[in-house]
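Summary of the model geometry
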Amino acid sequence: SASNDEGMLALLRSEAEVCTIVGKTWDFHVRDVLRVSLEENLEMIADSVGFVAASGRRVVYDAEHFFDGFLANEQHALATLRAAAAAGAESIALCDTNGGTMPAEVERLVRVAVEAVGPAVSVQVHCHNDCALAVANSLAAVSAGASVVQGTINGIGERCGNADLVSIAACLALKSGGAYSLLTPQSVPRLTELSRYVDDVANLTPNNGAPFVGRSAFAHKGGMHAHAMALAPESYEHLPPDTVGNTRRVLVSELSGKSNIAALTSTHGVVDSEVTKAVLAEVQRREALGYQYEAADASFALVVSKAMRNFTPHFKRIRYQVEVSGYGSIRHGSNSYARSAVDASHMEYERSEATVKLALPGGGYMHEVAEGNGPVAALDAALRKALEPTYPNLQDLHLTDYKVRVRSEEH
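Residues numbered from 1 in each chain as written. Predicted model: local features only at pLDDT ≥ 70, side-chain atom pairs only at ≥ 80, totals over all residues. Heavy atoms only, no water.

What follows is about the overall build of the protein chain. Within the protein chain, the secondary structure is distributed over 14 helices and ten strands. For the protein chain, the residues scored as buried account for 36% of the 411 residues in total. Long-range contacts, defined as pairs at least 24 residues apart, comprise 63% of the intrachain contacts of the protein chain with a sequence gap of at least 6. Counting every atom, the protein chain has about 23500 Å² of accessible surface; 53% of that belongs to carbon and sulfur. (Helix = DSSP H or I, 4+ residues; strand = E, 2+ residues; numbered from the N terminus. Buried < 20%, exposed > 50% of the residue type's maximum accessible area, 1.4 Å probe, protein only. Contact = heavy atoms within 4.5 Å. Areas by Shrake-Rupley, 256 points an atom, 1.4 Å probe, with all protein chains shown as cover.)

A separate point is the sheet that holds strand 5 (residues 148-150). The strand order 1-2-3-4-5 describes an open sheet built from five strands, whose pairing is parallel. The strands lining the two open edges of the sheet, one partner per strand, are strand 1 (18-24) and strand 5. For this sheet, the mean angle separating the axes of adjacent strands, direction not counted, is 25 degrees. Packing against the sheet, helix 7 (residues 134-143) makes contact with strand 3 (91-96), strand 4 (122-127) and strand 5, and its axis sits at approximately 170 degrees to strand 4. (Pairing = 2+ DSSP bridges. Axes fitted to C-alpha atoms, helices over the stretch in contact; angles between N-to-C directions.)

In this model, the second largest pocket occupies a volume close to 250 Å³. In terms of lining, the second largest pocket is formed by 17 residues, of which the most central are Val149, Ile168, Ala169, Leu172 and Leu182. The biggest single contributor to the lining of the second largest pocket is helix 8 (residues 165-174), with five residues. Grouping the amino acids of the lining of the second largest pocket by side-chain chemistry returns 15 nonpolar, two polar and no charged. (1 Å grid on protein atoms, 1.4 Å probe; cavity = no way out; pocket = protein on both sides within 12 Å on 5 of 7 lines; lining within 4 Å. Points joined across faces, edges and corners; volume = space filled by probe spheres on them. Nonpolar A, V, L, I, M, F, W, Y, C, P; charged D, E, K, R; others polar.)

The next point concerns helix 6 (residues 103-117). Compared with an ideal rise of 1.5 Å per residue, which puts 15 residues at 21 Å, helix 6 spans 21 Å between its outermost C-alpha atoms and is within 8% of the ideal. All of the buried residues in helix 6 are Val106, Leu109, Val110, Ala113, Ala116 and Val117. The arc that holds every buried residue of helix 6, seen down its axis, measures 120 degrees, which confines them to one face. Among the exposed residues of helix 6, those oriented more than 90 degrees off its buried face are Ala104 and Glu115. (Expected span 1.5 Å × (residues − 1). Arc of directions from axis to C-beta.)

This paragraph deals with the side chain of aspartate 96. Structurally, the position occupied by aspartate 96 is in strand 3. Arginine 159 provides the closest opposite charge to the buried, salt-bridge-free aspartate 96, at an N-O distance of 7.8 Å. Excluding its chain neighbours within four sequence positions, the residues that come into contact with aspartate 96 are Phe67, Thr101, His126, Cys127, His128 and Asn137. (Lys, Arg positive; Asp, Glu negative; His and termini not counted. Salt bridge = Lys/Arg side-chain N within 4 Å of Asp/Glu carboxyl O.)

Okay, the packing of helix 7 against helix 8 next. In contact at an axis separation of 10 Å, helix 7 and helix 8 are set at 40 degrees when each is read in the N-to-C sense. When the axes of helix 7 and helix 8 are compared, the pair comes out oblique. Of the two possible hands of crossing, helix 7 and helix 8 adopt the one that is right-handed. Of helix 8, the residues touching helix 7 (which contributes Val135, Ser138, Leu139 and Val142) are Ser167, Ile168, Cys171 and Leu172. Of the residues in the contact of helix 7 with helix 8, the class split is six nonpolar, two polar and no charged. (Parallel < 35°, antiparallel > 145°, perpendicular 65-115°, else oblique. Left-handed = near helix turned anticlockwise from the far one by under 90°.)

Take the nonpolar core next. Membership of the largest hydrophobic core comes to 42 residues, with the highest contact counts inside it found for Tyr61, Phe66, Leu81, Ile92 and Leu94. Setting aside residues no more than four positions away along its own chain, leucine 94 makes contact with Ala63, Phe66, Phe67, Leu81, Val110, Ala113, Val123, Gln124, Val125 and His126. (Core = buried A, V, L, I, M, F, W, Y, C linked by side-chain atoms within 4.5 Å.)

Taken N-terminus to C-terminus, the directions of helix 3 (residues 38-54) and helix 5 (residues 74-86) make an angle of 25 degrees; their axes are 8 Å apart at the nearest point. Taken together, the axes of helix 3 and helix 5 lie roughly parallel to each other. In terms of crossing hand, the pair formed by helix 3 and helix 5 is right-handed. Of helix 5, the residues touching helix 3 (which contributes Leu38, Asn41, Leu42, Ile45, Ala46 and Val49) are His76, Ala79, Thr80, Ala83 and Ala84. Class assignment for the residues of the contact of helix 3 with helix 5 results in eight nonpolar, three polar and no charged.

Bear in mind that shape data such as this cannot, by itself, settle questions of function.
This is how it looks when you write it as structure tokens:
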């Protein structure tokens, strides 16, 4: 019985005001996993919920695999909910544990469950994202009478993730015509901040394509889009980005038209249409060679500065060379290879060496050589050796990351 079960006793010792009891709803799990009869399953649910509730704790009952269980055996699935409700559960969570239920089915079955447990017991929903429908299923459940949505910030979770509470909160607060009250008026504009904070704490790379809060959620690339945005932002945005604490971005790309470039160059004080045309032509030319400016604002600023003819170079590159050398396992004084060096790809030591020759504004030249862990690090080290005597502030500038992109075959 629950009264002598160590798990139940541990719940009470925790002194938590609210305790969650997880039970089996799917008859397949009852017979093949728990290996008990359906009747005994109902008794265990009632005993466990009743024991914790009788101790003065508020009880939430999680109906695991509810939707699969209902479709397999409707009578037993509903009986488990009624058993938990009758034993004192104040709320019941309907779990789409496998994440395979469609929104229309979720809405239909939640309505059935709400009617089955009665108005005294609230209904929650817990959706997984295995069919990329966790948000849609959660919203469907709310429209059917669920009053609590379980999920995680950014949908973080096992397998394909859980329901994303950020998207759900934004949809309920901003897309439901005021039908639902949640958070506070000051909270919704901080959803983007919240999303990025959680990713930062969890050491995860933010999803640029995340609805509402992603960096690309309000990014516009095509020239036609940017032109329309300049006239009426709502033409290509379903809500103002600052509503959820996000910002609008106009991207530079091979699809850019004059409107994209005009919107971006205006931030650099460009009003001359000829300069705008020159920037557009240069961006398109360089992107055809493999350059990308979507996430390179500083590089784009240099293109604009050169087009405006007010760019003064801090140095001039005369030439550079990078050599990457791999060494096998031949020891000094030995003609044999170590067994670990199976083939040419198993080198014990690899060295990158960069040579740069630069002309400086004062008329002098710097010719330096440096080694590094890979060609990029070697070039970085060589450039620093050449430039830091003239520009000592470079000592405070650090290379933290870089990306390698494939350019055209000709280059």
